[in-house]
Amino acid sequence: MIPRSCDTMVALADATSTGDVIFAKNSDRPVDECQPLELHARQTHEDDAVTQCQFVSLPEAPVTYRHIGSRPYWCWGYEHGANEHQVVIGNEGLASRLPEASEPKLIGMEIIRLALERSRTASEAVDVITGLVTEYGQGKFANDAGVRTYDNGYIVADPREAFVIETGGHHWGVKRAERALGISNVYSIETDWETLSRGAAKHAREHGWPGARGRLNFADAFTKDSRDEGSGAMRRRRACAVLDARLGDVNARTMMSLLADHGDGKDPDEPFVVDADYGGGICIHPNPDGTGGSTAASIVSELCADGSRLAVHWCALYSPCLALFVPMFVEGELPDVLAIGGETSSEDSPWWTFHRLAAAVRVAPDGRAAAVREAWAPVQDALFVSAYEMAREGRRSIDDGRGDDANALLTRYMAENTATMLRVATDLLDWLDRQAA
Ligand SMILES: [Zn+2]
């Protein structure tokens, strides 16, 4: 069985060294499930337009906002993404006590895309998500398409605030995030919810679920699994401990290190674990025989509240401990090559290139992971210099009414960095091939 995993974190302005909100996510998926990165422009729609999701169709919004999304190749929705209003969203698989439904529902990833398309703030995204969950539902439902379905938890953030949303079927709870926190494959909204779906407390009471007396403990009531044991609980503890220890000092690099961390969570306060036998951690690797799950894509979003620069979305493909985080801007055109990739491995797909890189390291881990990281380090350092310059220059151009110039500048910048990333990755693959020979 493929484990249910993923980790999402957020640090609010008072928790970061820059005073900006920083959001992060590892998308963990089946080991060979390609997850390209793509951009969709803002669109206006006719009154009677319909959005066709995989199992459910719903009325289209008048306007869908420009956004980037990290999309499992078979799915309409995303594991994580960001839109033109600096709304960022990531989800987590959860296991509720609810039985499998027989009628079709929305998939958690589709809900992310719908919310990115329809929200200008995190608060609006909460309304969109809870509205969709109430009306159309999500969670475990039978389907003929072989789609693995599950309940979902989300973090939605904008430059000012962030919320955790956890769901069970058509029910949900919403908690306002404070300072910094991480969520994982474990319910975490206890009695500290701000809002609840109508009937959630009654449903829990009528079914005799734990936590239903007095103010509803949403997590205790809805969870099927232990909230203290298992990989999700360990990873969440680890993320929260790392962020708590760095309150006021969290930056993008902290989040990247956390996403690449191999600490198994037994000691959540230990320093970042870089080298590993890959037995645990927030950075998920496949089993030695190549089966199981793997981190498929990652994002670290640095939002900006004071209007001095654009949001920077650092995106990585496959194992974040072996990858480069490349700064992406919703205001430019993403390199088309990033959207290439399907069910089977192909040479022209950046995602599959990083898949091959991780596989080559896995079969011969002796020191090669370290060599890969060393190759990326100077490239990553250079990006940390140039990305903020671009973010400020792009902002200035847009504010001066030169949006086309900003678009051209950012498009060129993302294309150059993507080309560099692919060149280094190809060199590394050649080197690993020679090592293996
Ligand atoms: Zn790793």
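For the structure itself, look to the data block above.
Okay, so let's go over this structure. In this text the structure is predicted, and so the values were computed from the model without any measurement.

Reading the values: the criteria
- Residues numbered from 1 in each chain as written.
- Predicted model: local features only at pLDDT ≥ 70, side-chain atom pairs only at ≥ 80, totals over all residues.
- Heavy atoms only, no water.
- Donors = N, O, S within 2.8 Å, 3.2 Å for Na, K, Ca; no water.
- Tetrahedral: all angles 85-135°; square planar, octahedral: opposite > 155°, others 65-115°.
- Disulfide = S-S within 2.5 Å.
- Buried < 20%, exposed > 50% of the residue type's maximum accessible area, 1.4 Å probe, protein only.
- Helix = DSSP H or I, 4+ residues; strand = E, 2+ residues; numbered from the N terminus.
- Pairing = 2+ DSSP bridges.
- Contact = heavy atoms within 4.5 Å.
- Axes fitted to C-alpha atoms, helices over the stretch in contact; angles between N-to-C directions.
- Parallel < 35°, antiparallel > 145°, perpendicular 65-115°, else oblique.
- Left-handed = near helix turned anticlockwise from the far one by under 90°.
- Nonpolar A, V, L, I, M, F, W, Y, C, P; charged D, E, K, R; others polar.
- Phe/Tyr/Trp six-rings, centres within 6.5 Å; stacked < 30°, edge-to-face > 60°.

1. Regarding the coordination of the zinc ion
His262 (NE2), Cys283 (SG), His285 (NE2) and Cys321 (SG) make up the full set of protein donors to the zinc ion, lying at 1.9 to 2.3 Å. Seen from the zinc ion, its four donor atoms lie at angles of 102 to 115°, and the figure they make is tetrahedral.

2. Thoughts on the state of the cysteines
Under the defined criterion, the tally for this structure stands at zero disulfides. The cysteine Cys34 is free of any disulfide, with Cys75 supplying the nearest cysteine sulfur at 13 Å. For Cys34, a relative accessible area of 0% corresponds to the buried category.

3. Structural notes on the pairing of strand 12 (residues 162-168)
Among the seven residues of strand 12, seven are classified as buried, and the element is accordingly described as predominantly covered. Both strand 11 (residues 151-157) and strand 12 contribute to a ladder of five bridges, which runs antiparallel. Paired with Ile155 across the bridge in strand 12 is Val164. Taking the residues that link successive antiparallel strands as the turn, the strand 11-strand 12 hairpin has four residues. The sheet contact formed by strand 12 and strand 13 (residues 171-176) spans six bridges and is antiparallel. Counterpart to Glu166 in the pairing with strand 13 is Gly173. In this antiparallel pair of consecutive strands, strand 12 and strand 13, the connection spans two residues, and Gly169 shows a positive phi of 65°.

4. Focus on the sheet that holds strand 12
In spatial order, the strands read 3-8-9-10-11-12-13-15; together these eight strands make up an open sheet with antiparallel pairing. Both edges of this open sheet fall to strand 3 (37-40) and strand 15 (195-196), since each of them pairs with a single strand only. Here helix 2 (residues 122-136) sits on the sheet in contact with strand 10 (88-94), strand 11, strand 12 and strand 13, set at roughly 5° to strand 12.

5. What to know about the packing of helix 1 (residues 108-118) against helix 2
The geometry of helix 1 relative to helix 2 is characterised by a closest axis approach of 9 Å and an angle of 135° between their N-to-C directions. For the element pair helix 1 / helix 2, the angle class is oblique. Pair helix 1 / helix 2 crosses with right-handed handedness. Residues Ile111, Leu114, Ala115 and Arg118 of helix 1 lie in contact with helix 2, whose contacting residues are Glu124, Ala125, Val128, Ile129, Leu132 and Val133. Split by residue class, the contact of helix 1 with helix 2 holds eight nonpolar, no polar and two charged.

6. Re the pairing of strand 13
For a regular strand, side chains alternate in direction, first toward one face of the sheet and then toward the other. Within strand 13, five of the six residues are buried, which leaves it mostly tucked inside the rest of the structure. Bridge count between strand 13 and strand 15: two bridges; the pairing is antiparallel. Within strand 15, the residue paired with Gly173 across the bridge is Leu196.

7. Topic: the packing of aromatic side chains
Under the defined criterion, the tally for this structure stands at 11 aromatic pairs. Measuring from centroid to centroid gives 5.1 Å for Trp209 and Phe222, while their planes differ by 75°, and the two rings are edge-to-face. Of the two residues, Trp209 is situated in the loop between helix 3 (200-206) and helix 4 (218-222) and Phe222 in helix 4; the sequence distance between them amounts to 13 residues. Accessibility expressed as a relative area gives 0% for Phe222, which makes it buried. Ring pairs connect the aromatic residues Tyr187, Trp209, Phe218 and Phe222, which therefore count as one cluster.

8. Regarding the sheet that holds strand 1 (residues 7-11)
Taking strand neighbours across the sheet as the criterion, the six strands line up as 14-1-2-16-17-18 in an open arrangement whose pairing is antiparallel. Both edges of this open sheet fall to strand 14 (180-183) and strand 18 (326-328), since each of them pairs with a single strand only. Put simply, the sheet's adjacent strands are angled 20° from each other on average, direction ignored. Where strand 2 (residues 22-30) meets strand 16 (residues 293-302), nine bridges bridge the pair, whose relative direction is antiparallel. Its bridge partner being in strand 16, Arg29 is matched across the sheet by Ser294. With respect to the sheet, helix 9 (residues 403-436) is in contact with strand 17 (312-317) and strand 18, its orientation differing from that of strand 18 by roughly 155°.

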